[in-house]
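# Coordinates in review
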Amino acid sequence: MLILKKKVERDHITMKNLFNLFLIMLLVSMPILSLAANFSETCEDGSGEPGSGFGIGFGIVLEFGLYRNSCPEAESIVYSWVETAVLQDPRMAASLLRLHFHDCFVNESPLILYFGCDASVLLDDTEGLVGEKTAPPNLNSLRGFQVIDSIKADLESVCPETVSCADILAMAARDSVVVSGGPSWDVEVGRIDGRTASKQAATTSLPSPNSTVPTLVSIFQKLGLSQTDMVALSGGHTLGKAKCTSFTARLQPLQTGQPANHGDNLEFLESLQQLCSTVDTSVAITQLDLVTPSTFDNQYYVNLLSGEGLLPSDQALAVQDPGTREIVETYAADQSVFFEDFKNAMVKMGGITGGSEGEVRKNCRAIN
Ligand code: HEM
């Protein structure tokens, strides 16, 4: 009798363990299944076009006009700070646009934490947390943190703990494009600020300026963004500057005496070499679009066709792949097509959200 009771108890414990194991597996696999479902929704035809409500994540629903009642001044506060900052320093538009890109492309962990556009890029190093600001693609390169601080401080005084830092980044990116002469679009909001950051993920997830076209396509496609989105978003390089260290590979034909790559513009490359050899290469910077550096237009694509793309990854779009070349030619010929595709791609990029642990930070540099 005692033996039987022990056996029943043991079986009961085993069943309980099995049930617990099943629950754990279910919890762990839910995000993966959701990611997979969303990926197939966005990528199944290879186009990366959104289904209804784009997002590679789960649990986060972005909406238009979410702050209309809870913080009606949100949009105008963001716009007015961006406008002032860009008036003082036209490059700030570029820097704010890039912050949103570097926020959305770094996924801390798709399993349990908040990821994608989660304002992780804004977190400072604190005890127990290493931020992303010192990751190689960001170090001495990302700018605009003070502008975001000012916007956040203003918003906290008007509607405390309502507007997330990740949403501020998305709105500021849009407004930066608008004040630089580019198109406007409605920004979906409702992002949550993550409670973590990953220097490691920031080091490995962001595309390198030496990436080839297939690598760029693959990095973007993993996030649900198509080849067209990639070429359109690269048009962000119609604004802003880059350091010599970001484009030294462009100068290789001059330095090695090797024949120039197809599509190279030797006069342009010589002017870059001149700049980078006379000034300390770690500090020397030049415009990504030499012709209209502070205007958001299609000049970047015109430059690519004349071999005047600054980064190797920019010039590659015009010379390495007939598919991306065709898109570059289309945008160079018709700015309105570029604007339309850029807007759509920005909405898709801003929709890379998900995870389960988040908050609305009071201070964008630190978790609450
Ligand atoms: C396609 C892959 C991309 C690569 C390889 C890339 C790489 C780079 C690099 C190396 C710089 C210069 C950094 C420095 O020298 O300090 C830069 C600057 C910039 N990037 Fe990208 N980027 C890419 C996509 C994007 C996207 C999608 C956007 C936004 C939509 C963007 C917006 C910018 C802007 C505006 C700047 C200038 C920032 C400033 O002047 O402060 N980039 N990028």
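As the structure is a prediction and not an experimental result, all values here were calculated from the model. (Residues numbered from 1 in each chain as written. Predicted model: local features only at pLDDT ≥ 70, side-chain atom pairs only at ≥ 80, totals over all residues.)

All right, on to the UniProt feature "binding site: Ca(2+) 2" (unreviewed entry) in the protein chain then. Cross-referencing UniProt, the feature "binding site: Ca(2+) 2" (unreviewed entry) maps to Thr238, Asp289, Thr292 and Asp297 in the present numbering. Taken together, the annotated residues stretch across 60 residues yet fold into one region, lying no more than 9.9 Å apart by C-alpha. Among the secondary structure elements, Thr292 is positioned in the loop between strand S4 (285–287) and helix H13 (299–305). Take Thr292: there are 18 C-beta atoms within 10 Å of it, and that puts it in the partly exposed class. (UniProt positions renumbered as here; feature names shortened; annotations may be inferred. Helix = DSSP H or I, 4+ residues; strand = E, 2+ residues; numbered from the N terminus. Buried ≥ 20, exposed ≤ 12 C-beta atoms within 10 Å, placed from the backbone.)

This paragraph deals with the site of the ligand. Inspection of the region around the ligand gives 26 residues, with Ser141, Gly236, Gly240, Ala242 and Ser246 positioned closest. Listing elements by their share of the shell around the ligand, those giving two or more residues are helix H4 (92–104), helix H9 (227–234) and strand S3 (241–243). No other element matches H4, which puts five residues into the shell around the ligand. Grouping the constituent residues of the shell around the ligand by class yields 11 nonpolar, 10 polar and five charged. Each of domain 1 (67–208 + 353–359) and domain 2 (213–348) contributes no fewer than three residues to the shell around the ligand. (Near = placed C-beta within 6 Å. Nonpolar A, V, L, I, M, F, W, Y, C, P; charged D, E, K, R; others polar. Domains from an automatic or database assignment.)

The next point concerns unusual backbone geometry. We note that Asn140 has phi near 55°; this positive angle belongs to a residue other than glycine. With respect to the helices, strands and loops of the structure, Asn140 is situated in the loop between strand S1 (115–116) and helix H5 (145–158).

The UniProt entry lists Pro207 under the feature "binding site: substrate" (unreviewed entry), expressed in the numbering used here. The topology assignment puts Pro207 in the loop between helix H7 (199–205) and helix H8 (213–222). Overall, Pro207 belongs to the partly exposed group, with 18 C-beta atoms counted inside 10 Å. Apart from residues lying up to four places away in sequence, Pro207 is in contact with Leu216, Ile219 and Ser313. (Contact = placed C-beta atoms within 7 Å.)

Moving on to H5. Three or four residues apart is the spacing at which side chains of an α-helix point the same way, because the helix has 3.6 residues per turn. Taking 1.5 Å as the rise per residue, H5 with 14 residues should run 20 Å; its terminal C-alpha atoms sit 20 Å apart, in good agreement. Among all positions of H5, only Val147, Ile148, Ile151, Lys152 and Leu155 are buried. Buried residues of H5, seen end-on, are gathered within an arc of 130° and therefore sit on one face of the element. Exposed side of H5, more than 90 degrees from the buried face: Gln146 and Ser157 are the residues found there. As for H5, its buried residues are in contact with helix H3 (74–88), H4 and helix H6 (165–179). (Expected span 1.5 Å × (residues − 1). Arc of directions from axis to C-beta.)

Further remarks concern the nonpolar core. By size, the foremost hydrophobic cluster in this structure holds 75 residues, and its most contacted members are Leu169 and Ala172. Looking at this core, you find at least three residues from each of domain 1 (67–208 + 353–359) and domain 2 (213–348). Contact partners of Ala172, with chain neighbours within four places excluded, come to Val78, Val82, Leu96, Ile148 and Ile151. (Core = buried A, V, L, I, M, F, W, Y, C linked by C-beta atoms within 7 Å.)

Turning to the packing of H4 against H6, a few remarks are in order. Packing of H4 against H6 brings their axes to within 8 Å, and their N-to-C directions diverge by 140°. The angle between H4 and H6 falls in the class oblique. Regarding H4 and H6, the two cross each other, and that crossing is left-handed. When H4 is examined against H6, the residues Ala93, Leu96, Leu97, Leu99, His100 and Asp103 are found in contact with a partner set consisting of Ala166, Leu169, Ala170, Ala172, Ala173, Ser176, Val177 and Val179. Considered class by class, the residues forming the contact of H4 with H6 number 11 nonpolar, two polar and one charged. (Axes fitted to C-alpha atoms, helices over the stretch in contact; angles between N-to-C directions. Parallel < 35°, antiparallel > 145°, perpendicular 65-115°, else oblique. Left-handed = near helix turned anticlockwise from the far one by under 90°.)

Let us now look at the packing of H9 against helix H15 (residues 322–333). Two elements in contact, H9 and H15, have axes whose closest approach is 10 Å; the angle formed by their N-to-C orientations is 50°. By the angle between their directions, the pair H9 and H15 is classed as oblique. Along this stretch, H9 crosses H15, giving a crossing that reads as right-handed. Mapping the contact onto sequence places Gln227, Thr228 and Val231 in H9 and Gly323, Thr324, Ile327 and Val328 in H15.

Relative to the 21 Å expected for 15 residues at 1.5 Å per residue, H3 spans 22 Å between its end C-alpha atoms, a close match to the ideal helical length. Every buried residue of H3 is accounted for by Ala74, Ile77, Val78, Trp81, Val82, Ala85 and Val86. Projection of H3 onto a plane perpendicular to its axis shows the buried side chains occupying an angular sector of 150°, all on one side. Exposed residues pointing more than 90 degrees away from the buried face of H3 are listed as Ser76 and Leu87. Against helix H2 (67–70), H4, H5 and H6 lie the buried residues of H3.

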